[in-house]
Amino acid sequence: MQIFDSLATMRSQIAGWRRDGHKIAFVPTMGNLHEGHASLFEQARTYGNKVVASIYVNPMQFGLNEDWSKYPRTLDADRQVLQAKQVDALFLPDDKIMYPHGIDVQTFVEVPRLSNILCGASRPGHFRGVATIVNKLFNLVQPDVAVFGEKDYQQLMVIRQMVNDLFVPIEIVGAETVRAADGLALSSRNGYLTAEERAQAPVIYQTLRWCADELRRGARDYPALEQQARSRISSGGLRPDYFSIRRHSDLLEPASEEKRFVVLAAAYLGKARLIDNIQVLD
Ligand code: PAF
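Residues numbered from 1 in each chain as written. Predicted model: local features only at pLDDT ≥ 70, side-chain atom pairs only at ≥ 80, totals over all residues. Heavy atoms only, no water.

1. Some remarks on the overall build of the protein chain
Thinking step 1. Each helix and strand counted, the protein chain has 10 helices and nine strands in total.
Thinking step 2. In terms of overall size, the protein chain behaves like a compact globule, its C-alpha atoms giving a radius of gyration of 19 Å where 282 residues would be expected to give roughly 19 Å.
Thinking step 3. Judged by the C-alpha coordinates and their principal axes, the protein chain covers about 55 × 40 × 40 Å.
Thinking step 4. Per-residue burial over the protein chain gives 53% buried out of 282 residues.
Thinking step 5. Put simply, of all contacts in the protein chain between residues at least 6 apart along the chain, 71% involve residues at least 24 apart.
Thinking step 6. For the protein chain, the computed accessible surface area is about 13400 Å², with 49% contributed by carbon and sulfur atoms.
Thinking step 7. Side chains of the protein chain give 33 positive and 33 negative charges; the mean places of these two sets differ by 1 Å. (Helix = DSSP H or I, 4+ residues; strand = E, 2+ residues; numbered from the N terminus. Rg over C-alpha atoms; globule rule 2.2 N^0.38 Å. Buried < 20%, exposed > 50% of the residue type's maximum accessible area, 1.4 Å probe, protein only. Contact = heavy atoms within 4.5 Å. Areas by Shrake-Rupley, 256 points an atom, 1.4 Å probe, with all protein chains shown as cover. Lys, Arg positive; Asp, Glu negative; His and termini not counted. Charge placed at Lys NZ, Arg CZ, Asp CG, Glu CD.)

Pasting the structure below:
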C-alpha cells in the first residue's frame, strides 16, 4: 500500500492510474478503523480497481466542546486493516495541507436545510465541516466513486445533495451498517464505553427495530411512537438526544400516507454520543 502525505506525490500517482485507464474508488475516514470501515473498503473494491482511503480527523466538523482532541488516532492498527483489505493507497494529510490558512478563513460548503436538522441541530456547524472536507478530499483525490456508511445516514444525504447541487462528477455509494452480534452499530465512539455502558448500548437498535415493526404494522401516530421510543431508550439507561421518524427520500417529516421511512436516533451514554438508524421500505 502506498502512503501519501504530500499532495504532489498523490496527485501524480492518481493521474498515472487514470492515464492507465483505472477506475478509482475512494473511502474517506477519520481512522480508528473497524469492521464497519473494512466493509466500506470491500464495497469500494467492487466499484474500482484502485481503492484509495484517507485518514484525517477533520477539526472543522467538531464543535468546541466535542471530542476532536480525544478522538482515537490508531495509525499502526489502521494500516493493518487497510493492508488486509488490499487498499492501494492511503492519503494521510495534516492540518497544514487541508487548511493551510486556518479554519476561520476557510471557504466552506453549506448544504441548506439537511445540515440544520437532527444531528445538525445538536451539532451546529458539523455538516458544514463534513461537506467542506469531503469536497476538498474529492477535489484532491478525484475518484470515480466514493463509498460512505449508512450508519451516518444524514451525512450520506448531505453528501448526495452536495454532489447533486454542485454537479460533482462522482458516484456516491451508501454501504449497509455493520453491527455487533447484539445489534449495536459499529462505531469508533463505541470505544468510549465502559463494559457496563457497552451492555446498555444495544437498546438504541432494539428501539429502532420496535419502531420499524410498528410502522410496518401500519402505526402512523409519529409523535406517540417517538415519545414511546425515547422512554424505552431512557429506561435503558441512555439519555436520548433525538428519536425521529422521517421520510426516506429527504428526511422531511412524513405525512400519514407515507410508506418509506428512515427512523433515526441519537443518544448520550457516558462519554459517547451514539447514532443509528433503520430504513423501512416496505
Ligand atoms: O464519516 C466520517 O468518518 C467523516 O465524517 C468523514 C466523511 C471522513 C469526513 O471527515
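2. Considering the nonpolar core
Thinking step 1. Grouped together as the largest cluster of nonpolar side chains are 46 residues, with contacts concentrated most on F138, I172 and L251.
Thinking step 2. For this core, the secondary structure elements donating two or more residues are α1 (7-19), β2 (24-29), β4 (89-91), α6 (126-141), β5 (145-149), α7 (153-165) and β8 (261-269).
Thinking step 3. With nine residues, the single largest contributor to this core is α6.
Thinking step 4. When near neighbours in sequence (up to four residues on either side) are disregarded, F138 contacts F26, P143, A146, F148, I159, M162, V163, V168, I170 and I172.
Thinking step 5. One finds A229, L238, A267 and A272 within the second-largest nonpolar core, a separate group that totals 32 residues. (Core = buried A, V, L, I, M, F, W, Y, C linked by side-chain atoms within 4.5 Å.)

3. Some details on the sheet that holds β8
Hydrogen bonds between backbone atoms are what pair the strands of a sheet, whose relative direction is either parallel or antiparallel.
Thinking step 1. Read from one edge of the open sheet, three strands run β7-β8-β9, paired in antiparallel fashion. One side of each edge strand has no neighbouring strand; the edge strands of this open sheet are β7 (239-247) and β9 (272-280). Direction aside, neighbouring strands of the sheet carry axes that sit 10° apart on average.
Thinking step 2. Relative to β8, β7 runs antiparallel, the two sharing eight bridges. (Pairing = 2+ DSSP bridges. Axes fitted to C-alpha atoms, helices over the stretch in contact; angles between N-to-C directions.)

4. Some remarks on the pairing of β5
Side-chain direction in a regular strand flips from residue to residue, so the side chains alternate between the two faces of the sheet.
Thinking step 1. Burial within β5 is extensive, with five of its five residues counted as buried.
Thinking step 2. Alternating residues of β5 divide into V145, V147 and G149 and A146 and F148, and every residue in both groups is buried.
Thinking step 3. As paired elements, β2 and β5 share two bridges and run parallel to each other. The partner of A25 across the bridge, within β5, is V145.
Thinking step 4. Direction of pairing for β5 relative to strand β6 (residues 171-175): parallel, over a ladder of five bridges.

5. Quick word on the packing of aromatic side chains
Thinking step 1. Overall, the coordinates contain five aromatic pairs when judged by the stated rule.
Thinking step 2. Judged by centre distance (6.4 Å) and plane angle (40°), the rings of Y56 and Y99 are tilted. Residue Y56 is found in the loop between β3 (50-55) and α3 (75-84), and its partner Y99 is found in the loop between α4 (95-98) and α5 (119-122); the two are separated by 43 residues along the sequence. Taken individually, Y56 and Y99 each receive the classification buried, so the pair is uniform in this respect.
Thinking step 3. Connected via pairs of aromatic rings, a cluster forms that spans F26, F138 and F148.
Thinking step 4. Just above the ring of F108 sits the side chain of R128; from NZ or CZ to the centre is 3.7 Å.
Thinking step 5. The ring of Y205 has R179 lying over it, and the distance from NZ or CZ to the ring centre is 3.6 Å. (Phe/Tyr/Trp six-rings, centres within 6.5 Å; stacked < 30°, edge-to-face > 60°. Lys NZ or Arg CZ within 6 Å of the ring centre and 35° of its normal.)

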